[in-house]
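This is what each chain is made of:
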Amino acid sequence: MSHKIQTLSGYFHEYQKSVTNPEAFWARIAESFHWKKQWDKTLEWNFEEPDVKWFVNGKLNITENIFERHLYTKGDTPAIIWEPNGPNEANRIVTYRELYEMTNQFCNALEAQGIQKGDRVIIYMPMVPEAAVAMLACARIGAIHSVVFAGFSSSSLADRINDCEAKMVLTSDGNFRGAKQIPVKAVVDEAVENTPSIEKVIVLKRTGEEVVMKEGRDVWWHDAIQGQSSEYTAKEMDSEDLLFILYTSGSTGKPKGVVHTTGGYMVYSEYSFSNVFQYSQGDVYWCTADIGWITGHSYIVYGPLLAGATTLMFEGVPTFPHAGRFWEIVDKYKVNQFYTAPTAIRALQVYGLEPIAPYSLDSLKVIGSVGEPINEEAWHWYHDHIGKGNCPLVDTWWQTETGGIMISALAGITPNKPAHASLPLPGIQPVIVDAEGNELKGNNVEGNLCIKFPWPSMLRTTYGDHEKCKNVYFSAYKNMYFTGDGAKRDHDGYLRILGRVDDVINVSGHRMGTAEVENAINEHPKVVESAVVGYPHDVKGQGIYAYVICDMEGRTEESLKQEIKDTVRKIIGPIAKPDMVQIVPGLPKTRSGKIMRRILRKVASKDISNLGDTSTLLNPEVVDQIVEGAGLK
Ligand code: PRX
């Protein structure tokens with residue numbers, strides 16, 4: 001039974017039902033899935049602890065809802081269309097039956113290598129069908145996957161492995177990324193030197209480059225599946241059993257392992273996918289994210305496959321070998337729904353309209369945006385030149401923690417408004433609150449964005465540290481989940497997301513904790529202290545600006561700046577490399593020693609018009625020196 005909303009009045013009707021009786025609403029949707037045992041109770045919750053359980057005591061396996069549920073009707077339908085990084089390499093089209101068999105075979109391989117229900121498995125892989133196979137096989141045998149974006153450094157990888165005490169890493173020899181080849185196995189080798197829990201590393205041959213295989217620990221993927229049966233009976237999982245952990249940055253120095261569980265995540269990822277993108281059977285859907293992020297989990301793998309959709313997976317980058325690659329792929333596969341990030345749009349906008357011209361984009365029915373606020377200029381460019389003015393543009397607001405899209409237009413059903421995520425999905429109850437936590441009702445209000453009622457795919461905890469989950473998300477406002485974002489409800493009642501209100505910056509749609517970058521900078525032996533802020537960046541949305549106090553002996557300013565950038569690249573990965581480093585004599589501090597980030601943010605964004613009263617600072621003179629050092633005086 002499809003739960004796809006078809007009309008605007010249908011949306012309002014469903015929304016009303018979902019808030020009047022959320023349990024009945026979600027139970028009806030969950031019934032369309034295959035459960036080995038029906039749940040006893042739809043929802044148990046309190047936001048104090050927090051303790052949230054959906055479909056209590058229900059038993060299922062999420063992959064049976066992808067495979068067994070679809071095989072009769074969709075065995076020969078493409079599940080994954082894979083486009084390689086290099087346009088001259090052959091593509092791959094993997095049908096539901098083939099994906100099922102590959103997954104089963106890999107389930108048997110994982111078990112043969114010692115993985116059991118409940119074990120944690122790290123996936124550090126390129127964008128190839130085997131990465132989806134790896135996730136699905138973990139889910140099918142009941143292991144908990146944690147995908148780590150393959151651009152993270154060895155020490156970031158090691159931190160994540162150690163935090164969840166993973167037993168295995170799944171990786172490749174190397175990755176192709178545009179014109180570059182990245183020696184991924186070497187990164188894993190370095191990481192696992194410091195991870196006592198790792199027993200096995202399974203290596204997919206992708207680039208063919210030479211790698212060192214450690215006897216007894218490292219196994220080639222092709223050897224691991226050799227002789228394994230392509231039949232496997234999915235393990236029975238409890239609705240609240242962990243499905244995956246995904247690490248994300250927050251305002252604390254260390255990334256948190258966001259935990260998602262099986263039943264609720266399944267129901268919501270499919271429901272939101274089908275409704276937001278208005279997917280129809282036979283459509284080709286393409287999300288350009290990486291599986292290392294939540295978008296790749298929910299809207300490349302789980303949501304589309306649960307819906308029986310054809311999901312396109314692209315290994316490469318938007319500008320290789322030319323700036324029209326995205327549009328070439330849309331034309332090649334007649335893509336119907338296209339979902340990308342504002343940073344990609346802005347990067348491509350720079351090349352003008354020429355790269356688009358050779359390709360037909362007529363197949364597109366829906367275009368989408370995710371990851372950061374989309375500025376109006378990029379919205380119009382995307383809408384006019386890619387959507388040709390007649391595709392709904394869904395601006396989807398959500399987070400790693402929410403598991404699925406929370407606020408967005410439903411394509412072609414609810415209205416679009418530039419730069420507005422617009423309306424909540426059925427079942428989602430957003431509220432805007434003031435600093436004291438009072439709900440700001442009505443239109444034309446602005447404040448912090450919270451959610452006041454549970455939804456099926458919400459995070460359940462942060463792995464190994466439930467207190468952290470409670471403190472970060474459920475303590476700021478009583479009985480509410482706090483998103484960390486500011487929002488405005490405009491005069492028409494549409495929601496506009498204003499960006500983070502905490503110490504998190506959003507660089508090219510990737511979340512970075514300022515404290516995390518500072519910790520990395522401080523590892524450099526010459527660094528005394530640092531402060532990192534975000535500033536507006538034309539392509540990335542926000543750039544990383546680092547103010548650093550250094551011991552300059554034996555260094556030039558330029559060499560030191562470069563060393564600091566390299567340190568961050570090495571410790572976290574290239575995505576965290578500061579765009580700007582300013583060496584400063586001091587940092588503006590309050591008398592209690594707190595860094596005045598507001599001043600640093602203003603200087604970084606070249607706005608010194610209103611720095612406020614600096615006379616109460618511990619060291620007011622430093623503000624002038626910083627302004628001067630930034631070249632603004
Ligand atoms: O600030 C919001 C921004 O991205 C944050 C979540 O980042 P992450 O967990 O990495 O997930 C990104 C993909 C879902 C949010 O707190 N964000 C995400 N989507 C939007 C957005 N900001 C404005 N508009 C959006 N559509």
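Please refer to the structure placed before this passage.
Everything in this summary refers to the structure shown in the same document. The model shown is predicted, which means the values in this text are computed figures rather than measured ones.

This paragraph deals with the sheet that holds strand β22 (residues 445-451). With antiparallel pairing, four strands are arranged side by side in an open sheet as β21-β22-β24-β25. Lying at the two open borders of the sheet, with one neighbouring strand each, are β21 (430-433) and β25 (495-500). Put simply, the sheet's adjacent strands are angled 45 degrees from each other on average, direction ignored. As judged from the four bridges shared by β21 and β22, these two strands associate in the antiparallel manner. When the sheet's bridge partners are listed, Val433 is paired in β22 with Asn448.

Let us now look at a negative patch on the surface. On the surface, Asp76, Glu98, Glu101 and Glu231 cluster together into a patch of negative charge. With respect to the helices and strands, the residue Glu101 is situated in helix α4 (residues 96-112).

Turning our attention to the site of the ligand. Around the ligand sit 17 residues in total, of which Asp395, Thr400, Asp485, Arg500 and Arg511 are the nearest. A distance of 2.6 Å separates an oxygen atom of the ligand from a polar atom in the side chain of Thr400. Contact between the ligand and Asp485: an oxygen atom at 2.6 Å from a side-chain N or O atom of the residue. Starting from 540 Å² of accessible surface for the ligand in isolation, the protein chains cover 96%. For the shell around the ligand, the secondary-structure elements that each account for two or more residues are α10 (294-306), β20 (393-396) and β25. Grouping the amino acids of the shell around the ligand by side-chain chemistry returns six nonpolar, six polar and five charged.

Next up on the list: the packing of aromatic side chains. Enumeration over the complete set of coordinates arrives at 44 aromatic pairs. Between Trp286 and Phe338, the ring centres sit 5.1 Å apart and the planes meet at 65 degrees, which makes this aromatic pair edge-to-face. Remark: Phe338 occurs in strand β18 (residues 337-340) and Trp286 occurs in strand β16 (residues 284-287); sequence separation between them is 52 residues. For the ring pair Phe326 and Trp327, a centre distance of 5.8 Å and an interplane angle of 85 degrees mean the geometry is edge-to-face. Like Phe326, the residue Trp327 is buried in the burial classification. The ring of Phe152 has Arg160 sitting right over it, with the charged end atom 4.3 Å from the ring centre. Sitting above the plane of the Trp220 ring, Lys205 keeps its charged end 4.6 Å from the centroid.

Rules used throughout
Residues numbered from 1 in each chain as written. Predicted model: local features only at pLDDT ≥ 70, side-chain atom pairs only at ≥ 80, totals over all residues. Heavy atoms only, no water. Pairing = 2+ DSSP bridges. Helix = DSSP H or I, 4+ residues; strand = E, 2+ residues; numbered from the N terminus. Axes fitted to C-alpha atoms, helices over the stretch in contact; angles between N-to-C directions. Patch = residues over 30% accessible without salt bridge, like charges linked within 9 Å, V, L, I, M, F, W, Y side chains within 5 Å. Areas by Shrake-Rupley, 256 points an atom, 1.4 Å probe, with all protein chains shown as cover. Salt bridge = Lys/Arg side-chain N within 4 Å of Asp/Glu carboxyl O. Lys, Arg positive; Asp, Glu negative; His and termini not counted. Charge placed at Lys NZ, Arg CZ, Asp CG, Glu CD. Near = heavy atom within 4 Å. Polar contact = N/O pair within 3.5 Å; in protein donor to acceptor, adjacent residues only side chain to side chain. Nonpolar A, V, L, I, M, F, W, Y, C, P; charged D, E, K, R; others polar. Phe/Tyr/Trp six-rings, centres within 6.5 Å; stacked < 30°, edge-to-face > 60°. Buried < 20%, exposed > 50% of the residue type's maximum accessible area, 1.4 Å probe, protein only. Lys NZ or Arg CZ within 6 Å of the ring centre and 35° of its normal.

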